[in-house]
Amino acid sequence: MEYVEQPPDADLADVVQGLWGVRMSPPYRRERIFPTPALHLVVNGGEPYRSIDPATGESTTVTRVFVSGLQVSALRNELPAAIDNVGARLHPDAARTLGLDPVALAGCVTDLSSALPAFAALGADLPGLALDDAVARLATLLGARRSGRPDPRVRRFVEATLDDPNRPVPELATLAGLGRDALLDAVHAAIGVTPKAFADLVRFDRFVDLAARAAERGWAALAVESGFYDQSHLIRVFRRFTGLTPAAYVRAVRADGPIAARFLAD
């Protein structure tokens, strides 16, 4: 496997969390990807992927460029035989700065090869490029694509929730400088999910991160550290986001190592 990761330049840091590139033969052909509190833009230099709707089992083919919006359940993908990708982890409120609709992106994987032709051209060129060069070219495309900055009121909500997902909505509204209903509308329009769903994503992401680093600890202790109210709250969110119980998930991480924290063979 060849893997590179680069931080964004300062002028992209409010839109992009990180840039990466990977070339590998996947160890399995179908995977389950767990939700995160970030958007993911992927430029594909290889064969198409198939994204499988977890509710219906129907599949969608995604080709050169695709975006995973904020999710409320695990994604299921059928992988090509060889992976040759570069991508960007985007801040959850970054979609509109790139001319994308976060509400339309939420809960699915969307093929944007036609809508983003310059990115699709990078995908076509990718097999002949060094990964570092391809990642740098992706950063240039993102910089040229961006227009404006994220809504500062929503960014205050996002940062406060990432810091403490148990902050009550009235407190978050005050921090954002909005009324309660205005906050709910602004957040949904900017990130595609409700404030409550985003807080659950943050708690879940914390749990996954802790499980990857401390899988020997019991899941009940990890639940408390992750900000879940109680074990029943964790179990409800976990089943919704992964289709697994926390205990089954922790067993998988212990068996397969940290890579299983965010990706499982399906």
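What counts, and at which threshold
Residues numbered from 1 in each chain as written. Predicted model: local features only at pLDDT ≥ 70, side-chain atom pairs only at ≥ 80, totals over all residues. Heavy atoms only, no water. Helix = DSSP H or I, 4+ residues; strand = E, 2+ residues; numbered from the N terminus. Rg over C-alpha atoms; globule rule 2.2 N^0.38 Å. Buried < 20%, exposed > 50% of the residue type's maximum accessible area, 1.4 Å probe, protein only. Contact = heavy atoms within 4.5 Å. Areas by Shrake-Rupley, 256 points an atom, 1.4 Å probe, with all protein chains shown as cover. Expected span 1.5 Å × (residues − 1). Arc of directions from axis to C-beta. Pairing = 2+ DSSP bridges. Axes fitted to C-alpha atoms, helices over the stretch in contact; angles between N-to-C directions. Parallel < 35°, antiparallel > 145°, perpendicular 65-115°, else oblique. Nonpolar A, V, L, I, M, F, W, Y, C, P; charged D, E, K, R; others polar. Phe/Tyr/Trp six-rings, centres within 6.5 Å; stacked < 30°, edge-to-face > 60°. Lys NZ or Arg CZ within 6 Å of the ring centre and 35° of its normal.

Next up on the list: the overall build of the protein. Helices and strands together make up the secondary structure of the protein, namely 10 helices and 11 strands. In terms of overall size, the protein behaves like a compact globule, its C-alpha atoms giving a radius of gyration of 18 Å where 266 residues would be expected to give roughly 18 Å. Overall size of the protein, expressed as C-alpha extent along the three principal axes, is 50 × 45 × 35 Å. The buried share among the 266 residues of the protein stands at 50%. Excluding contacts between residues fewer than 6 apart, the proportion of contacts in the protein whose partners are at least 24 apart in sequence is 73%. As displayed, the protein has an accessible area near 11,700 Å², and 54% of this comes from carbon and sulfur atoms.

Considering the arrangement of structural elements, one finds Asp200 in helix 7 (residues 195-213). Residue contacts for Asp200: discarding those within four places in its chain leaves His233, Val237, Arg240 and Phe241.

So, on to helix 9 (residues 231-242). Across its 12 residues, helix 9 extends 16 Å between first and last C-alpha, which sits within 8% of the 16 Å expected from 1.5 Å per residue. Those residues of helix 9 not exposed but buried are His233, Leu234, Val237, Phe238, Phe241 and Thr242. Taken end-on, helix 9 shows its buried residues confined to a sector of 125°, consistent with a single buried face. Residues of helix 9 that are buried make contact with strand 3 (30-33), helix 7, helix 8 (219-226) and helix 10 (246-256). Positive backbone phi, at 80°, marks Gly243, one or two positions downstream of helix 9.

Turning our eyes to something else, we now look at the sheet that holds strand 7 (residues 65-68). The strand order across the open sheet built from six strands is 1-2-9-4-7-10, with neighbouring strands paired in antiparallel fashion. Across the chains shown, the open sheet's two edge strands, defined by having one partner strand only, are strand 1 (2-6) and strand 10 (109-111). On average, each strand axis in the sheet is tilted by 20° relative to the strand beside it, whichever way the strands run. Sheet topology note: the strand 4 (residues 39-44)/strand 9 (residues 83-90) ladder contains six bridges and is antiparallel. Across the sheet, residue Asn44 finds its bridge partner in strand 9, namely Asn85. The strands that helix 2 (residues 117-125) touches are strand 4, strand 7 and strand 9; relative to strand 4, the one it contacts most, it runs at about 50°. Packed onto the sheet, helix 3 (residues 131-145) meets strand 1, strand 2 (16-24), strand 4 and strand 9 and runs at close to 145° relative to strand 2.

Let us now look at helix 2. Those residues of helix 2 that fall on the buried side of the exposure criterion are Phe119, Ala120, Leu122 and Gly123. Looking straight down helix 2, one finds that the buried residues subtend no more than 150° of arc, so they occupy a single side. On its buried face, helix 2 sits against strand 4, strand 7, strand 9 and helix 3.

Looking now at the packing of helix 2 against helix 3. Interaxial distance between helix 2 and helix 3 falls to 10 Å at its minimum, and their mutual angle equals 175°. As judged from the angle between their axes, helix 2 and helix 3 are roughly antiparallel. Judged by residue contacts, Ala118, Phe119, Ala121, Leu122 and Asp125 of helix 2 engage Ala134, Arg137, Leu138, Leu141, Leu142 and Arg145 from helix 3. Class assignment for the residues of the contact of helix 2 with helix 3 results in eight nonpolar, no polar and three charged.

For the rest of this paragraph, the subject is the packing of aromatic side chains. With the rule as written, the count across this model stands at six aromatic pairs. An angle of 85° between the planes, with centres 6.1 Å apart, marks the rings of Phe34 and Phe204 as edge-to-face. Of this pair, Phe34 sits in the loop between strand 3 and strand 4 while Phe204 sits in helix 7; the two residues are 170 residues apart in sequence, bridging distant segments of the chain. Exposure class is identical for Phe34 and Phe204. Each is buried. Centroid distance Phe204 to Phe238: 5.2 Å. Interplanar angle 55°. Geometry classified as tilted. Of the two residues, Phe204 is situated in helix 7 and Phe238 in helix 9; the sequence distance between them amounts to 34 residues. Note on accessibility: Phe204 and Phe238 belong to one class, buried. Here the aromatic cluster, defined as three or more aromatic residues joined through ring pairs, consists of Phe34, Phe204, Phe207, Phe238 and Phe241. Geometry around Tyr229 places Arg203 over its ring, the cationic atom sitting 4.8 Å from the centre.

The strand order across the open sheet built from five strands is 6-5-8-3-11, with neighbouring strands paired in antiparallel fashion. Each having just a single partner strand, strand 6 (59-62) and strand 11 (263-265) make up the two edges of the open sheet. The average undirected angle you get between the axes of adjacent strands in this sheet is 30°. Pairing analysis gives three bridges linking strand 3 to strand 11, with the strands arranged antiparallel. Counterpart to Glu31 in the pairing with strand 11 is Ala265.

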